[in-house]
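Listed below are the residues making up each chain.
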Amino acid sequence: MTTTMCAAVLCVHDCSLLVCDCSTRQKVLVHTDQACCFSCGDYVRIEYSGMMTMSLPPQITALSISRVCC
């Protein structure tokens with residue numbers, strides 16, 4: 001079973017995205033090899049295992065990520 005997050009991309013790094021979860025307004029660092037496919041301001045749907053680190057910001061690893069329209 002996976003968890004889905006809809007989020008706005010705040011910052012793009014080589015292998016990660018800093019996003020703002022649309023439902024909780026929490027910043028989350030998303031590890032993904034597809035980071036270069038996205039830009040600041042994009043809205044994305046992220047599927048992940050449901051596990052999130054307790055770090056600041058929390059971190060997840062994307063199983064899949066796609067751009068969405070809001």
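Residues numbered from 1 in each chain as written. Predicted model: local features only at pLDDT ≥ 70, side-chain atom pairs only at ≥ 80, totals over all residues. Heavy atoms only, no water.

A. Summary view of unusual backbone geometry. Following Leu56, the chain continues into Pro57 via a peptide bond in cis, with omega recorded as -5 degrees. Within the fold, Pro57 resides in the loop between strand E4 (43-48) and strand E5 (59-68). The phi torsion at Arg25 lies on the positive side, around 65 degrees, for a residue other than glycine. Residue position: Arg25 is located in the loop between strand E2 (16-21) and strand E3 (27-31). (Helix = DSSP H or I, 4+ residues; strand = E, 2+ residues; numbered from the N terminus.)

B. Highlighting the side chain of Thr32. As for its position among the elements, Thr32 is in the loop between E3 and E4. Judged by its relative accessible area of 7%, Thr32 falls in the buried class. At 3.1 Å, the side chain of Thr32 forms a polar contact with the backbone nitrogen of Gln34. Contact partners of Thr32, with chain neighbours within four places excluded, come to Cys15, Ser16, Leu17, Ala62 and Ile65. (Buried < 20%, exposed > 50% of the residue type's maximum accessible area, 1.4 Å probe, protein only. Polar contact = N/O pair within 3.5 Å; in protein donor to acceptor, adjacent residues only side chain to side chain. Contact = heavy atoms within 4.5 Å.)

C. Local environment of the environment of Asp14. Along the chain, Asp14 falls in the loop between strand E1 (3-12) and E2. Separated by 20 residues in sequence, Asp14 and Gln34 have C-alpha atoms that sit 8.8 Å apart.

D. Up close: the sheet that holds E2. Strands sit in the order E1-E2-E3-E5-E4 around a closed barrel of five strands; the barrel is mixed. Geometrically, the sheet is characterised by an average inter-axis angle of 55 degrees between neighbouring strands, direction not taken into account. Where E1 lies against E2, five bridges are found, and the strand directions are antiparallel. Pairing of Ala8 across the sheet is with Cys20, part of E2. (Pairing = 2+ DSSP bridges. Axes fitted to C-alpha atoms, helices over the stretch in contact; angles between N-to-C directions.)

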